[in-house]
Amino acid sequence: MSASKQKKLNTMEVDPNEDDSSSSEDDDDDEPHPDAYRGNEEVEIDFEGRAPVDPDAQGISQLLQRLFLRAHINCNQMADLIIAQNFIGSVICQCDDEDAESETDDDNMVEDGTVFGITSVLNLTAKKDQPSIAQLRTYILDRARTHASQEVQKQLKEILDSEQRHAGFLINERFINIPAQISVPLLQSLQQEIEAAKAKKMKFDFGNLLLLVKFYRKEAKKGKPAEDNYTNAEDELLSDRAKFSFEYSVASETDSGMSGDWLEGDAVMTPYRKLLVLEAKKLPQLIDDIQRFINGE
């Protein structure tokens, strides 16, 4: 998809205070600020998907940093690799509305040029000598050695070591509270771009796709089972469809208050990551399954 090609996505309702922030308090004020976030507030934003370009680098890097947290992975260099694939992947941006009245500028809750999400794929085999990809491969294998079974470790190493069937790292990151519906056109576009690249004999003929997903676990208590809440709703379905997976807590790597609506009464949940291994040939079917899952079918 060229940088100029854009696809307008459905209007989404999102939390205006998503960006890891909550209203600040002034010790000298007894009354809350009139603009303070009180919960259950929504703002409508028209989104579009387009190819990532150089000015998106910082926004993409910040999204990757939320995924990897304190891991030793050069997210800036990884963002540059994503952008360099100008025929693969999309970023989620706010639609430019040239007809919007200027008076709305004062109340704009997001900065111009904000990258709300990134959907793309990187070749873990062909690009293994790139510093950020080498770091990512090491990160995955190190976490597997600590948290995965021997069988999963063996399968994962075989996938990453294979030169015949390349492994792809699927990236599907976006701001919290952007609805899952947005994932379907983005993944469909990515699938079409992968097929077009394969037709040109480019190195996008993947055997397997690795996807690192975020979720929060409310631990079992008083006879109630543990409850997992996925940051991206579609990741719950993908977890069920994975060939194999393993998970690990990142509680020691993150600050509290990153989930939910950041209200005082929110339950504290433990942040986790889960690595999914998906069969690349099943991606079209997985996208159809996501559509039905989102629609409650």
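The structure contained in this document is the topic of the report that follows. (Residues numbered from 1 in each chain as written. Predicted model: local features only at pLDDT ≥ 70, side-chain atom pairs only at ≥ 80, totals over all residues. Heavy atoms only, no water.)

## Quick look at a positive patch on the surface
On the surface, Lys218, Lys221, Lys222 and Lys224 cluster together into a positively charged patch. Tracing the chain through its elements places lysine 222 in the loop between β6 (206-218) and β7 (227-230). (Patch = residues over 30% accessible without salt bridge, like charges linked within 9 Å, V, L, I, M, F, W, Y side chains within 5 Å. Areas by Shrake-Rupley, 256 points an atom, 1.4 Å probe, with all protein chains shown as cover. Salt bridge = Lys/Arg side-chain N within 4 Å of Asp/Glu carboxyl O. Lys, Arg positive; Asp, Glu negative; His and termini not counted. Charge placed at Lys NZ, Arg CZ, Asp CG, Glu CD. Helix = DSSP H or I, 4+ residues; strand = E, 2+ residues; numbered from the N terminus.)

## Describing helix α4 (residues 150-161)
Taking 1.5 Å as the rise per residue, α4 with 12 residues should run 16 Å; its terminal C-alpha atoms sit 16 Å apart, in good agreement. On the buried face of α4, the contacting elements are α3 (131-147), β5 (166-174), β6, β8 (244-249) and β9 (270-279). (Expected span 1.5 Å × (residues − 1). Contact = heavy atoms within 4.5 Å.)

## Section: empty space enclosed by the protein
Counting across every chain of the model gives two cavities of 30 Å³ or more. No other element matches helix α7 (residues 283-294), which puts four residues into the lining of the second largest cavity. Here the residues of the lining of the second largest cavity sort into nine nonpolar, one polar and no charged. (1 Å grid on protein atoms, 1.4 Å probe; cavity = no way out; pocket = protein on both sides within 12 Å on 5 of 7 lines; lining within 4 Å. Points joined across faces, edges and corners; volume = space filled by probe spheres on them. Nonpolar A, V, L, I, M, F, W, Y, C, P; charged D, E, K, R; others polar.)

## Structural notes on the pattern of salt bridges
One pass over the structure, following the stated rule, counts 16 salt bridges. Note that arginine 174 is salt-bridged to glutamate 234, the shortest N-O span being 2.8 Å. Of this pair, arginine 174 sits in strand β5 while glutamate 234 sits in helix α6 (residues 234-241); the two residues are 60 residues apart in sequence, bridging distant segments of the chain. With a relative accessible area of 0%, glutamate 234 lands in the buried category. The residue lysine 198 makes a salt bridge to aspartate 205 at a minimum N-O spacing of 3.9 Å. (Buried < 20%, exposed > 50% of the residue type's maximum accessible area, 1.4 Å probe, protein only.)

## Description of helix α2 (residues 75-84)
The buried count for α2 comes to seven of 10 residues, which makes it a mostly enclosed element. Those residues of α2 lying buried are Cys75, Gln77, Met78, Ala79, Leu81, Ile82 and Ile83. Those residues of α2 that are buried are in contact with α1 (57-68), β4 (117-123), α3 and β5. Two or three places before asparagine 76, at the opening of α2, asparagine 74 has a side-chain oxygen 3.2 Å from that residue's backbone nitrogen. (Polar contact = N/O pair within 3.5 Å; in protein donor to acceptor, adjacent residues only side chain to side chain.)

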